[in-house]
Amino acid sequence: MTDITEMELQNLRHLIQFSETDMEKYNSYAQAATDPTIKQFFQKSAQSADQNRQTFLQFLK
């Protein structure tokens, strides 16, 4: 892991938490959607949030 400041570490933790929350919300919206286009939009948004979370986690390794 690269040397990061305490503030940077705290910011990464917040971003990871927000990404997890976004992913859960988008998945929930996708499950509730009846329109296939809207459902796909939220599924892709959930995938994007998960990819962001994975990227943030890489900084902690």
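Now for a quick tour of the structure. These numbers come from a predicted model, not from an experiment.

A closer look at the overall build of the protein chain
- Assigned secondary structure in the protein chain consists of two helices and zero strands.
- The C-alpha atoms of the protein chain give a radius of gyration of 14 Å, which is well past the 10 Å a tight globule of 61 residues would have.
- Taken over the C-alpha atoms alone, the protein chain extends approximately 45 × 15 × 10 Å along its principal axes.
- Looking at the protein chain residue by residue over its 61 residues, the buried ones come to 21%.
- Pairs at least 24 apart in sequence give 62% of the contacts found in the protein chain among residues at least 6 apart.
- Put simply, the protein chain shows about 4,800 Å² of open surface, and 52% of that area lies on carbon and sulfur atoms.

Considering the packing of helix H1 (residues 6-32) against helix H2 (residues 36-58)
- The geometry of H1 relative to H2 is characterised by a closest axis approach of 8 Å and an angle of 160° between their N-to-C directions. Judged on the interaxial angle alone, H2 and H1 are roughly antiparallel. Considering how the two elements wind past one another, H1 and H2 form a crossing that is left-handed. Only Lys39, Phe42, Gln43, Ser45, Ala46, Ala49, Asp50, Asn52, Arg53, Phe56 and Leu57 of H2 make contact with H1, whose side of the interface consists of Leu12, Leu15, Ile16, Ser19, Glu20, Asp22, Met23, Tyr26, Asn27, Tyr29, Ala30 and Gln31.

Quick look at H1
- The end-to-end C-alpha distance of H1, which contains 27 residues, comes to 39 Å, matching closely the 39 Å that a straight helix rising 1.5 Å per residue would cover.
- Every buried residue of H1 is accounted for by Leu9, Leu12, Ile16, Ser19, Met23 and Ala30.
- Looking at the buried residues of H1, the elements they touch are H2.

Re the packing of aromatic side chains
- Within this structure, the stated rule accounts for three aromatic pairs.
- Measuring from centroid to centroid gives 6.2 Å for Tyr26 and Phe42, while their planes differ by 25°, and the two rings are stacked. Taken together, the positions of Tyr26 in helix H1 and Phe42 in helix H2 put the pair 16 residues apart, joining distant regions of the chain.
- For the ring pair Phe41 and Phe42, a centre distance of 5.3 Å and an interplane angle of 70° mean the geometry is edge-to-face.
- The structure contains a cluster of three or more aromatic residues connected by ring pairs, namely Tyr26, Tyr29, Phe41 and Phe42.

Calculation criteria
Residues numbered from 1 in each chain as written. Predicted model: local features only at pLDDT ≥ 70, side-chain atom pairs only at ≥ 80, totals over all residues. Heavy atoms only, no water. Helix = DSSP H or I, 4+ residues; strand = E, 2+ residues; numbered from the N terminus. Rg over C-alpha atoms; globule rule 2.2 N^0.38 Å. Buried < 20%, exposed > 50% of the residue type's maximum accessible area, 1.4 Å probe, protein only. Contact = heavy atoms within 4.5 Å. Areas by Shrake-Rupley, 256 points an atom, 1.4 Å probe, with all protein chains shown as cover. Axes fitted to C-alpha atoms, helices over the stretch in contact; angles between N-to-C directions. Parallel < 35°, antiparallel > 145°, perpendicular 65-115°, else oblique. Left-handed = near helix turned anticlockwise from the far one by under 90°. Expected span 1.5 Å × (residues − 1). Phe/Tyr/Trp six-rings, centres within 6.5 Å; stacked < 30°, edge-to-face > 60°.

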